[in-house]
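# Working through the structure, step by step
The residues making up each chain are set out below.
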Amino acid sequence: MIPRIPLVSLVRFFVVAGLVTASLAAEEGVDFGRDVWPILKRNCLDCHGAVESESEFRVDLVEKLMGGGGSGIATVVPHDVKDSYLVEVLREPDAEYRMPHEADPLPEAQIATIEQWIAQGAVLPENFAEVTASSGSDFWSLQPVQRPASPVVAGASTPIDAFLLNALNAHDLTYNPKADARSLIRRTAIILTGLPPTPERIAKFQQAHARDPEQAFRNLVDEYLASPHFGERWAQHWLDVIRWAETNGSEANLYRKNAWMYRDYVVNAFNDDLPYDQFIREQIAGDQLGVGVATGFLVAGPHVPAATVGREESAIRQARADRLDEIAQTVSASMIGLTVSCARCHNHKFDPISIGDYYSLTGVFQGVEFGGRYPEADPLEARQKRAKELLAIIDGERSELARDGGAWQEYWQGWGELHFEPVMTKSVRVSFAQKSVNLDELELFGPDEPEKNLALCSGGTVVFAPEENTQLGGEADYLTDGDYSTMVWKGRTSDVDETRPWVQFDFPAPSRVDRLTLSNNREYFFETDYLLTYNPFKPVAFKVEALNEHGQWVEVTSTSKAESMVKADTAKSGALDRLQETIETLLAEGPQPSFVGEFIPPAVARIFNRGSPESPRDEVPPAGLTVLDGDLGLDNSASDEERRLKFAQWVADPDNPLTARVMVNRIWHHIFGAGIVTTPADFGVAGAPPSHPELLDYLAAEFMHSQDGPGTAWSVKGMIRRMLLTDAYTQSSAPRTDALAKDATAMYLWRFPPRRVEAEVIRDGILQASGKLDPAVGGKSYRIHNVKKTYAQWEVLDNHGPETWRRLLYQERMRRVDDRNFTAFDFPDCGQVRAKRPVSTTPLQALNLMNSDFAVEQADFITARALAESGGDQRAATARLFELVLGREPAADELQACLEVADQGGLRVVSRTLLNANEFAFLP
């Protein structure tokens, strides 16, 4: 007799076996242990269990099964089958991403069972494993900064020396003897200003040092800290980290108009010893703090402009995601020292940064776009003052032109304006006289809110142009999207067609209108320069009509009528001439648009599955890093301004354990040649551990809270001064056999580590030796390149003429361009973060210093100077060459050898030889 099996037991068996659908099992509900676990155990546990844990995901732990693995996306969302990633990967049509991997898809019945379990609430048994993986928050760099007590060490003259000597003693090492006066002043001058000391300054310091070494050195440090060249030197270090340049680095590699204003902001910030926490806040939210130019920081990295991206919607979304990633890289590398972008596609493999953290961080900057604007509170005060004077004149002339209901046109280089008597209307129509017209934006303004663009689609205005008068791909929507770009409305009619292009704007409510502006590529006016293909706005002829209360179109004015009205009135004609002249003066002498970012309405921040903007997932709030309590108390309704200001405050908060550590380590790196953490842009698990962890925390605590030295708390100059006034810094760089055997790299600082100076120091030092260096601080960069077509390449035209004899900091910084001189000396192309520059040794370096046009010309200038200052005597001139280039007198054998060379090849050969000496290119 066949035993009777309960119906419920049969259902359970067939569901687990995948022989029936979950709908049958749903009669009594799906149980995880009975129905779901057998499916997961059989198909998933081998790869996603305690042994393998591929993609950091496990099906045998509550935290992982529900929360997700390395993807950072919630695997199971109770009651929500659609948003449960587990179901998505089970149903994925692409075999490369479908689970189980490299196996047949699960039977439909089994997937349906899992879906039913999720829909019922994804209840797990009480005894299911709840082991929680470590968050990684116990890592050293994420712990609060605590000021350690300075160790008591015999012979330590400062707390910094105490920490260093304590480590040296543990390795049976000691400091070197003191450096000589010449080495000390050369070392300090280059580290603080990037310029070698002059022979006269060396001699003066040597005399003072002989009388009172300690006081002479203190005075020297204070002198160079107060030098205007200090800011130039230390600004370059910051610009290296954030990859600042004056071109965008894409295929077109377009020039960034007046981006140099941000560079000058950084120079001034270091010269003024702006507290570092304020420096942070201004660069993230300077538009709200009266220093709008500081936001050039946010758009310092490379980007692909819209014209290169094209019009494919997916490509536009990808490019926007890439630009936000550039901002994330800039912020994370420079200010918090973590490789946040590693979490763009999945949870960070090493650090406790989730994919949600990454997209919350980019959510902070959703309102930032790469582009140009007139910076708030332009730092060039003279230009601001001049603008007020000129705008007052313009207002006066406009009053005359508006008399008796007048209309007139103004040309502002990048756009045109038509002014007319105010009219109340719900719709405006603009009809053009030409058969063909290209416009990127058409704006309508009124007297009630003069700066509000009534035409914006985001404000509810609907734009329409007849399809037969619009070229495909050049739709009228571009006129009202608020985006100045190469994306334009293309109004077209055929040669045989008597009609002309026209466009209509329907407001959401009746509004008063009295001004119209239009442009064909205002983006280029605000953002770029030096392009053969860019032309300022070309006037077009058109008429403006308004819909009256009776539903009739009434002509308001036209460009031809406005012109006729002005010509017919002598007073108005004169007023317009004066107004246009004043506009030209204002464009030249007033505030300038600068590539320091533009602001747009922030979009909702969402996690992108596998980093693809085509797979948006969960919404996340704008925030800092979870592991560092980065909750800003915001959601996606927050304004752009609020997001950035709160984030800036979070970064600059003394409770943030990374901010001060990263900056003092960077300062240490530029003084001693290597940071206490030798990976200055990565304080994460994959970065190097600190060689002196207690010293790092001592310096960070002092940086944030100390009141001594220049400035106040967060004083960069104060921290530099503290590091320089140590025995560690003032010791000799001479090698010692016993110490080299124990610490070849001088990590423990038993000597001052010698190192090759940067490209800027070599070049600027040559110009100083020749007497040709222009020491002026700040201002527009000098050019060595051509004017080019949009997609052509930059070419070096003149890299050594008199107009280039400024510091290398002021050479236009072009990505992907070899300057044919100092790129060979590891001068960065600003495509990658350079928290520390590589140091290479190549034949090209010697060839450049010996044979380049720059080196040959400057060597001749140095020779001429030496002869002039020595009365033409070759022996004295040879000695003077040593002083000008190396800062010392030649030894007897050196002098004799050089005189022999001069007799055979001329003194200029000696000059070029000295420029190639290691002594010239290395810190002593």
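Within each chain, residue numbers correspond to sequence positions counted from 1 in written order. Per-residue local features are limited, in this predicted model, to residues with pLDDT of at least 70; the limit for side-chain atom pairs, both in listing and counting, is 80 or more; totals at the level of whole chains, interfaces and linings are taken over all residues. For the side-chain quantities, the full set of heavy atoms in the structure was used; hydrogens and water were omitted.

### As for the overall build of the chain
- Counting its secondary structure elements, the chain contains 33 helices and 13 strands.
- The C-alpha extent of the chain, read off along each of the three principal axes, is 110 × 105 × 50 Å.
- Taking all 924 residues of the chain together, the buried fraction comes to 55%.
- Within the chain, the 133 negative side-chain charges are centred at a point lying 3 Å from the centre of the 91 positive side-chain charges. Each helix corresponds to a stretch of at least 4 residues labelled H or I by DSSP, and each strand to a stretch of at least 2 residues labelled E; elements are numbered beginning at the N terminus. Exposure classes here rest on a 1.4 Å probe applied to the protein chains alone. A residue is buried below 20% of its type maximum, exposed above 50%, and partly exposed in between. Positive charge is attributed to Lys and Arg, negative charge to Asp and Glu, and no charge count is given to His or to the chain ends. Charged groups are reduced to one reference atom each: NZ for lysine, CZ for arginine, CG for aspartic acid, CD for glutamic acid.

### Quick word on the packing of helix α9 (residues 199–211) against helix α10 (residues 213–225)
- With their axes 6 Å apart at the nearest point, α9 and α10 run at an angle of 145 degrees to one another. Contact residues: Arg201, Phe205, Ala208, His209 and Arg211 in α9; Pro213, Ala216, Phe217, Leu220, Glu223 and Tyr224 in α10.
- Grouping the amino acids of the contact of α9 with α10 by side-chain chemistry returns 7 nonpolar, 1 polar and 3 charged. Axis angles are defined between N-to-C directions and span 0 to 180 degrees, where every axis is a line fitted to C-alpha atoms and, for a helix, only to the segment in contact. Any two residues having at least one pair of non-hydrogen atoms within 4.5 Å are treated as being in contact. Note that Gly is not counted as nonpolar here; it falls among the polar residues with everything else outside the nonpolar set of Ala, Val, Leu, Ile, Met, Phe, Trp, Tyr, Cys and Pro and the charged set of Asp, Glu, Lys and Arg.

### Side note on the pattern of salt bridges
- When a carboxyl oxygen of Asp or Glu lies within 4 Å of a side-chain nitrogen of Lys or Arg, that pair is called a salt bridge. According to the stated counting rule, one finds 55 salt bridges in the structure shown.
- Arg807 is paired through a salt bridge with Glu232; the nearest N and O atoms lie 2.8 Å apart. Of this pair, Arg807 sits in the loop between α27 (759–770) and α28 (843–851) while Glu232 sits in helix α11 (residues 228–242); the two residues are 575 residues apart in sequence, bridging distant segments of the chain. As far as the burial class goes, Arg807 and Glu232 line up, both buried.
- A salt bridge links Arg880 to Glu883; the shortest N-O distance between them is 2.9 Å. Of this pair, Arg880 and Glu883 both sit in helix α30 (residues 874–886), 3 residues apart, roughly one helical turn.
- Taking the relative accessible area as the measure of exposure, Arg880 reaches 12% and is therefore buried.

### Examining the packing of helix α31 (residues 892–905) against helix α32 (residues 907–915)
- As a packed pair, α31 and α32 sit with axes 6 Å apart at the nearest point and diverge in direction by 130 degrees. Classified by the interaxial angle, the pair formed by α31 and α32 is oblique. Where α31 approaches α32, its residues Cys898, Val901, Ala902 and Gly905 are matched on the opposing element by Leu907, Arg908, Val909 and Val910.
- For the contact of α31 with α32, the residue count by class is 6 nonpolar, 1 polar and 1 charged. Our angle categories are set so that under 35 degrees counts as roughly parallel, over 145 as roughly antiparallel, 65 to 115 as roughly perpendicular, and the remainder as oblique.

### Regarding the confidence of the model for the chain
- The predictor's confidence in any single residue is recorded as pLDDT, a number from 0 to 100. Model confidence for the chain is summarised by a mean pLDDT of 91, while 95% of its residues fall at 70 or above.
- Note that pLDDT drops below 50 for residues 1–27; the model gives that stretch 29 contacts with residues more than four away or on any other chain.

### Structural notes on the packing of aromatic side chains
- Only the six-membered ring of Trp is used, alongside the rings of Phe and Tyr, when aromatic pairs are assigned; centres must lie within 6.5 Å, and planes under 30 degrees apart are stacked while those over 60 apart are edge-to-face, with the rest tilted. Under the criterion given, the structure shown has 38 aromatic pairs.
- Ring plane angle 25 degrees and centroid distance 6.0 Å describe the contact between Phe217 and Tyr729, whose orientation is recorded as stacked. Taken together, the positions of Phe217 in helix α10 and Tyr729 in helix α25 (residues 727–730) put the pair 512 residues apart, joining distant regions of the chain. Neither Phe217 nor Tyr729 differs from the other in exposure class; each is buried.
- Members of the aromatic cluster, joined through ring pairs, are Trp238, Tyr262, Tyr265, Phe270, Tyr276, Phe279, Phe297, Phe703 and Trp714.
- Lys257 extends its terminal NZ or CZ atom over the ring of Phe525, reaching a point 4.3 Å from the ring centre.
- Whether a charge lies above a ring is judged from NZ of Lys or CZ of Arg, which has to be within 6 Å of the ring centre and within 35 degrees of the ring normal. Just above the ring of Trp794 sits the side chain of Lys788; from NZ or CZ to the centre is 5.2 Å.

### Quick notes on the side chain of Gln845
- Relative to the helices and strands, Gln845 resides in helix α28.
- Each polar contact in these results corresponds to two N or O atoms within 3.5 Å; when the atoms are within protein, one needs to be able to donate a hydrogen and the other to accept it, and residues that are neighboring in sequence are counted only if both atoms are side-chain atoms. At 2.9 Å, the side chain of Gln845 and the backbone oxygen of Ser840 are in polar contact.
- Not counting chain neighbours up to four residues away, the residues in contact with Gln845 comprise Arg756, Ala824, Phe825, Asp826 and Ser840.

### Focus on the side chain of Lys490
- Looking at the secondary structure, you find Lys490 in strand β7 (residues 489–492).
- Comment: no salt bridge for buried Lys490; closest opposite-charge side chain is Glu475, at 8.9 Å.
- With residues near it in sequence (within four places) discarded, Lys490 still touches Arg311, Val437, Asn438, Asn469, Thr470, Gln471 and Gly474.

### Description of the pairing of strand β8 (residues 502–519)
- Pairing between strand β3 (residues 416–432) and β8: 12 bridges, direction antiparallel. Each residue of the ladder has a partner; that of Glu417, found in β8, is Thr517.
- Alignment of strand β5 (residues 441–445) against β8, held across 5 bridges, turns out to be antiparallel. Along β8, the bridge assignment pairs Glu441 with Ser519.
- DSSP-based pairing: two strands are paired if at least 2 bridges between them are found. Pairing between strand β6 (residues 462–464) and β8: 3 bridges, direction antiparallel. Within β8, the residue paired with Val462 across the bridge is Asp506.

### Things to note about the environment of Thr480
- With respect to the helices and strands, the residue Thr480 is situated in the loop between β6 and β7.
- When residues no more than four places from it in sequence are discounted, the contact partners of Thr480 are Glu441, Ala455, Leu456, Cys457, Val463 and Phe505.

### With respect to the state of the cysteines
- Cysteine sulfur atoms are paired as a disulfide whenever they come within 2.5 Å of each other. Inspection of every chain in the model, using the stated rule, returns 0 disulfides.
- No disulfide involves Cys47; its nearest neighbouring cysteine sulfur is the one of Cys44, lying 8.6 Å away.

### Examining a negative patch on the surface
- Exposure above 30% relative accessible area and the absence of a salt bridge qualify a residue for a patch, where like charges join within 9 Å and nonpolar side chains (Val, Leu, Ile, Met, Phe, Trp, Tyr) within 5 Å. For the accessible areas, the method is Shrake-Rupley and the probe is 1.4 Å, while residue cover comes only from the protein chains on display. Together, Glu467, Glu468, Glu475, Asp477, Asp481 and Asp483 line one region of the surface with negative charge.
- With respect to the helices, strands and loops of the structure, Asp477 is situated in the loop between β6 and β7.

### Focus: α9
- Multiplying one less than the number of residues by 1.5 Å gives the expected span of a helix. Compared with an ideal rise of 1.5 Å per residue, which puts 13 residues at 18 Å, α9 spans 19 Å between its outermost C-alpha atoms and is within 8% of the ideal.
- Looking only at α9, the buried set comprises Pro199, Arg201, Ile202, Phe205 and His209. Taken around the axis of α9, the buried residues stretch over an arc of 150 degrees, which confines them to a single face. Seen from the open side of α9, the exposed residues pointing more than 90 degrees away from its buried face are Lys204, Gln207, Ala210 and Arg211.
- Tucked inside the fold, the buried residues of α9 contact α8 (181–193), α10 and α30. Each C-beta atom gives one direction from the helix axis, and the arc is the one those directions make.

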